[in-house]
Amino acid sequence: MESLETALKLAAASKPAEHIRNVCLVAHVDHGKTSFADSLVSANAVISSRMAGKLRYMDSREDEQTRGITMKSSGISLLCEPLLINLIDSPGHVDFSGEVTSALILSDIALLLVDVIEGICSQTEALIRQVIRNGQVMILVINKIDRLRVELKMSSSEAYQHMARLIEGVNSCISQVLGGIVLEDDTWGNIEEAEEKLHFDPAKGNVIFSSALHSYAFGCEDFATLAAEKMKVEKSILLPAMFGDFWIDSTGTIRDSAAAKNKATMFERIVLEPLWKLHDLGLVDNDVTLLSEAAKKLGFTLKSRRANEAFDELMRSWLPLPKASFRAVARAPNVRSTFETQHRLDHLTGHRLDHPLRPFVLGCDSTRMTIVFVVKLLQTEDKSLNSRRAICRILSGTLRKGDKLFVLQQHGSSEVTSTKIDRISILRGRDTIPTDTVTSGMVCAIDAEILLQNTTLCSESDYPCLKIGSQTGEALVRVSVSTQQLDDMVELREKLKLLALLDTSLKVMELENGELAMVTAGEVHLQKCIKDLNDLGLVDLDVSEPIVPFMETVMEDVNLSAPQITEQETDCRIRDALHIKLRIAPLGSTVIEFLGKNAILLFAIRRGEADQTEVDDFQRKLTLVCTESLPTLKGTWWYRKPKDLIETMIERIWAFGPDRARSNILFNNVESYDRDLIWRKTEFGVRRYDQALVGGFELFCNSGPLCNEIMHGVAVIVEEWTVDEEDGAIGGQMMSAMKATCSAAAKKLALRLVAAMYKCTVTTASQALGKVHAVLSQRKSKVGEGSWISFGWSVLSPVLSEDINEATNLFEVVSLMPVVESFSFCDQLRKFTSGMASAQLQFSHWQVIDEDPYWTPTTLEEVEEFGLKGDSPNHARGYMDAVKRRKGLPTEDLIVESAEKQRNLKKNK
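This is a predicted model, so every value here is computed, not measured.

Caption draft 1: Inspection of the environment of Gly-704 at higher detail. Mapped onto the secondary structure, Gly-704 falls in the loop between α24 (690-702) and β28 (710-711). In this structure Gly-704 comes out as buried when scored by relative accessible area, which is 2%. Separated by 47 residues in sequence, Gly-704 and Leu-751 have C-alpha atoms that sit 9.7 Å apart. Among all residues touching Gly-704, those that are not within four sequence positions of it are Glu-552, Glu-709 and Met-711.

Rendered as C-alpha cells:
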C-alpha cells in the first residue's frame, strides 16, 4: 500500500498532460454507477475484486448505504500505467443535480451508464444535454446486460435487437438535443458533422457492454481479436462489421443484409452466443462442473466451488471491467487536448473569446502560470469555517504546498485578495493522501483559509476570473429549523452557514421574524440536510412542516374591449404633493422564459457588475423578443402596439424586479421624465425620490395582492408621476403609495396563482395500474394534454403518457403533479401498490393555475351546475387560504355556517 501511495504522489507531481484523464460517471438513479466504480477501484487493489460491485466503496455516507443511492460526488485517483485517471462518481437522483454539475466541471470525459432494460430515463436525457453543452466527450456504457438472459430469458437474437434499439434511441436523443442547441447557438456549425462525432457506434469503440454486478465489461474489439485469431482474418476487417446487419457465410466471407436473409448477425454468433452459454451454466443452471470445463477452454482455472462465485471469477478474469473501461478512456482526449474543442473552452471562459486566461488553459503547461479552479467545498475534520477544504482542478502550472495564490475577481474589479495553500491531498474515495505538489490537469483537494465555490485562484492577480455557470436543482421546499435549547441557536446558525457552503443546492435564510429557514431541492434532499445537521452535532432539532412557495401573476383576458383595457389605469393622489398614474400588464410566457434564462445577468445588472458587451447583447435580444411577442397578447394593453413604441419602452426600462422576482419589469412611460438608463450611463441623472418609487415597485413584486407571494411576469407601466420635492413628508409615503397603487391596478386584471410542478414518472406492474391512478388523482396530478377539466385541476386526472416497456412488461406513467401535493407521495404509492410501483419526481416548470380564487357562480347555467354558493372545490382558493393562514393574514372563511338562534335548555325560565 505504501508503494502505491508513493507512486500516486510521484504521478500527481510529474505526469505529463498527455497521460492524465479526468473521468466522471453519470447516469439515472439506480443504473449502476457506484457498482461500476467498485470494479475500477479494485484495479488498484483498494478493495478486493471479489467485493467489486457489492461494496459500493464510493458511497461513504451511512444514509447512502442504507438508501442504496449516491447523494454526493466523490473522487479517487487511479493508476493504470501509463495513465493517471481521476475518477468522479456522481449522484443520479434529481434532487442532487448540483453535485452532478460539480462532477462534470471537474472532468473531461463522461461515462454515461444506461440500464439495458430501463433504457433512456428522464435524468439520462438531462445528462446528455448537459454533457453536450459542456463540450465533453461521452462514452456509452450499456450496463446490466446479464439481466437480458437471466431475468428476461432473451435469446441472442432478441438481446441483439434490444441493444441495437437502445443505441439508436440514445443517438436519437443526442440528435434532438443537438437540434435544440444549434437553434440557440449558431457557432456549432454543421449539425451533421456534430452528430457524426457524438453518435455512438460499437465499432468506433465508444460503446462498452457491461455488468457491474458481476464485474465484467467488453467492447466489440475484444471479441474481434479472438475471432480474428480463430478465423485467420485481419482484425481491421472484422471490427467494422461486429455490430450491425452483417453475417458470415460458410466460406468466412462477411456479407450484409443478415435480417433480410434470416441469418444470425456477427454480434450474435461471435459475442452473445458464447456469452449466453456461460450465463446459463453459472447463473441459470448453476452447473459448476461444466462451467469449469468451459473456463479451461478459455485458459482459466476456477477456484470457487459455488456456481455464482465461479461465474464472477471467470468473467473477471476473461473480460475484466477495468481493462475495457480504461482502454476507452485512453482513446478519449487528455486534459490538454480536450480544450482544443471550442465549445469546451467556451464553457470554461464564459464564451469570452478574448479572455486572457484562454491561452494558459489551452496550453495546460506545468511550467507556466498557476491557475486553480475551485469547484466544490468539502467538510474538514475540525468542522470549522476557519480552514476550508475544496475539490479543485489545476488548469495550468504546478501547485505546491505553501503557495500564495490570488482570488481572481470579476472583470473591472480592483479588489485584490490572496490566500495560502495549507495542504494538498490526492483523492482516494473515503480518504485522502497528503502530498506536496500536483501538476497541471490534476483533480485534487486543497486546504486554505479563503475558498469559495466557483472561484479562480491564480499566481498573478492581473486577470479576470473564469465564469462557469453552475446548474443546480430548483430550490422549492422550505422548512424552518430551530433548537429546543435557545443557547444552541448561535451554533445552529453557524452550522447552517457551513452546510450552505458544502451543499450548493441548499439555500439558507433568516426570515423577518428571526426564524432560520432551509430551502431544499426536494424531499430526499431535505432529509439529507437534516441528517447532515445531526452529524454536525445538532440532534434535538425542531423542523417545521415543509412549505412550498407559490407565485402570483396577471392573465390576459381576450373578452376585454379596447375601452375596458384603457380603464385599467389606476391613479394615486396624496394631497397636491404626489400623483401616480400607472397600469399593470402581463409580459407573456415568451418574455418570462427569456428573463428566466438570463437571471444571472439580471443579477449583475442590478449591482452594476455586468460587462457592457453582455448588457448590449441582452438589450438587443430582449427588444427582439418583446417586439415579436407582446403585440400578439390579445386582451392586454400591448395588443397591436407599434414596434417603435415597444422599442422605446425597452430602451426606457426603469428597473427589473428584485432578486426573488426578476421576471417583472418597471417601465418608464412618463413623457416628461428622462432618467438614467439601466443599460448605460447618460447625462440625465435621476429625480429626487426616484429610488423610493423603485422601492415601492420591489415591495409589490415581493408581496402580491392575493396572499403576499412574489409576483411573476408582470409589467408595471408608469404613465404619470409628479411629486412636490419641497414637501418633506411625502418621501416617507412614496414607497407605500407606489405599492398600494400597483396592488390596486393588479386587482383590475385577472389574478392567478402560479404553482411549481413536478414531472412524475411512475413505473408499475400492470396489476397495480389502477391503484397508481387512484394515488395520482388524490394528488391532483394533471392527466391528458391540455388544460385541467372544469374550472381548475380535476380530481380525476388522466396522465401525460402511459406506455409499456416491452423489455420489462412494466408500465411507465408520466404525469404532472403540484410540488405542494408531493410530500410522502412515494411512501403512499408503495403502500397502496404493495411495493409494485416506484416513482421519480423531477422539477418541470411553473404552471399557472387557470382558476380564479375569487370565482363565484354568476350566470344561470353556472348556478345550476355548481350551486348558488359555488360548492365545487376551488383548488386555487384552497391554496391561497392555506398560505394566508400560514402568514397570519385574514381569510374569508365562515366560522359559523347555517347559524340559528340557540334555545336555552334550562327549564326554569
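Caption draft 2: Summary view of the packing of aromatic side chains. Under the definition given, this model contains 21 aromatic pairs. Taken together, the aromatic side chains of Tyr-160, Phe-209, Phe-218, Phe-223, Phe-243, Phe-267 and Trp-318 make up a single cluster linked through ring pairs. A cation over a ring is seen here: Lys-641 above Trp-637, with NZ or CZ 4.5 Å from the ring centre.

Caption draft 3: Region of interest: the sheet that holds strand β24 (residues 570-574). With mixed pairing, 5 strands are arranged side by side in an open sheet as β24-β25-β29-β27-β26. Two strands lie at the open edges of the sheet, namely β24 and β26 (653-656), each paired on one side alone. Neighbouring strand axes in the sheet, compared pairwise and without regard to direction, differ in orientation by 25 degrees on average. One ladder, built from 9 bridges, connects strand β25 (residues 578-586) with strand β29 (residues 714-723); its direction is antiparallel. Within β29, the residue paired with His-579 across the bridge is Thr-722. Lying on the sheet, helix α23 (residues 643-651) is in contact with β26, β27 (665-668) and β29; it crosses β26 at an angle near 60 degrees. The strands that α24 touches are β25, β26, β27 and β29; relative to β26, the one it contacts most, it runs at about 45 degrees.

Caption draft 4: How the structure looks around a negative patch on the surface. On the surface, a cluster of negative charge is made up of Asp-576, Asp-724, Glu-725 and Glu-726. Within the fold, Glu-725 resides in the loop between β29 and α25 (730-746).

Caption draft 5: Structural context of the packing of helix α20 (residues 589-597) against helix α22 (residues 612-629). Packing of α20 against α22 leaves a shortest axis separation of 9 Å and a crossing angle of 165 degrees. Considering the angle they form, α20 stands roughly antiparallel to α22. Where α20 crosses over α22, the two elements pack in a sense that is right-handed. Contacts between α20 and α22 involve Thr-590, Val-591, Phe-594 and Leu-595 on the former and, on the latter, Phe-618, Lys-621, Leu-622, Val-625, Cys-626 and Ser-629. For the contact of α20 with α22, the per-class residue count stands at 7 nonpolar, 2 polar and 1 charged.

Caption draft 6: A look at the sheet that holds strand β20 (residues 507-510). Taking strand neighbours across the sheet as the criterion, the 4 strands line up as β20-β21-β19-β22 in an open arrangement whose pairing is antiparallel. Two strands close off the open sheet at either side, each with one partner strand: β20 and β22 (541-543). Averaged over all pairs of adjacent strands, the angle between strand axes in this sheet comes to 30 degrees, irrespective of strand direction. Pairing geometry for β20 and strand β21 (residues 516-520), over 4 bridges, is antiparallel. Note on β21: the bridge partner recorded for Val-508 is Met-518.

Caption draft 7: Here's a closer look at the confidence of the model for the protein chain. In this model, the protein chain carries a mean pLDDT of 85, and residues with pLDDT of at least 70 account for 92%. Of the regions scoring below 50 in pLDDT, residues 784-798 engages in 39 contacts with residues more than four places distant in sequence or in other chains.

Caption draft 8: Examining unusual backbone geometry more closely. Looking along the chain, the bond that leaves Glu-81 and enters Pro-82 is cis, with omega of 5 degrees. Assignment of secondary structure puts Pro-82 in the loop between β2 (74-80) and β3 (83-89). The backbone of Asp-30 sits at a positive phi, close to 70 degrees, despite the residue not being glycine. With respect to the helices, strands and loops of the structure, Asp-30 is situated in the loop between β1 (20-27) and α2 (33-42). The exposure class assigned to Asp-30 is partly exposed, which follows from its relative accessible area of 45%. Even without a glycine there, the phi angle at Asn-708 is positive, about 60 degrees.

Analysis parameters
- Residues numbered from 1 in each chain as written.
- Predicted model: local features only at pLDDT ≥ 70, side-chain atom pairs only at ≥ 80, totals over all residues.
- Heavy atoms only, no water.
- Helix = DSSP H or I, 4+ residues; strand = E, 2+ residues; numbered from the N terminus.
- Buried < 20%, exposed > 50% of the residue type's maximum accessible area, 1.4 Å probe, protein only.
- Contact = heavy atoms within 4.5 Å.
- Phe/Tyr/Trp six-rings, centres within 6.5 Å; stacked < 30°, edge-to-face > 60°.
- Lys NZ or Arg CZ within 6 Å of the ring centre and 35° of its normal.
- Pairing = 2+ DSSP bridges.
- Axes fitted to C-alpha atoms, helices over the stretch in contact; angles between N-to-C directions.
- Patch = residues over 30% accessible without salt bridge, like charges linked within 9 Å, V, L, I, M, F, W, Y side chains within 5 Å.
- Areas by Shrake-Rupley, 256 points an atom, 1.4 Å probe, with all protein chains shown as cover.
- Salt bridge = Lys/Arg side-chain N within 4 Å of Asp/Glu carboxyl O.
- Lys, Arg positive; Asp, Glu negative; His and termini not counted.
- Charge placed at Lys NZ, Arg CZ, Asp CG, Glu CD.
- Parallel < 35°, antiparallel > 145°, perpendicular 65-115°, else oblique.
- Left-handed = near helix turned anticlockwise from the far one by under 90°.
- Nonpolar A, V, L, I, M, F, W, Y, C, P; charged D, E, K, R; others polar.
- pLDDT = per-residue confidence, 0-100.

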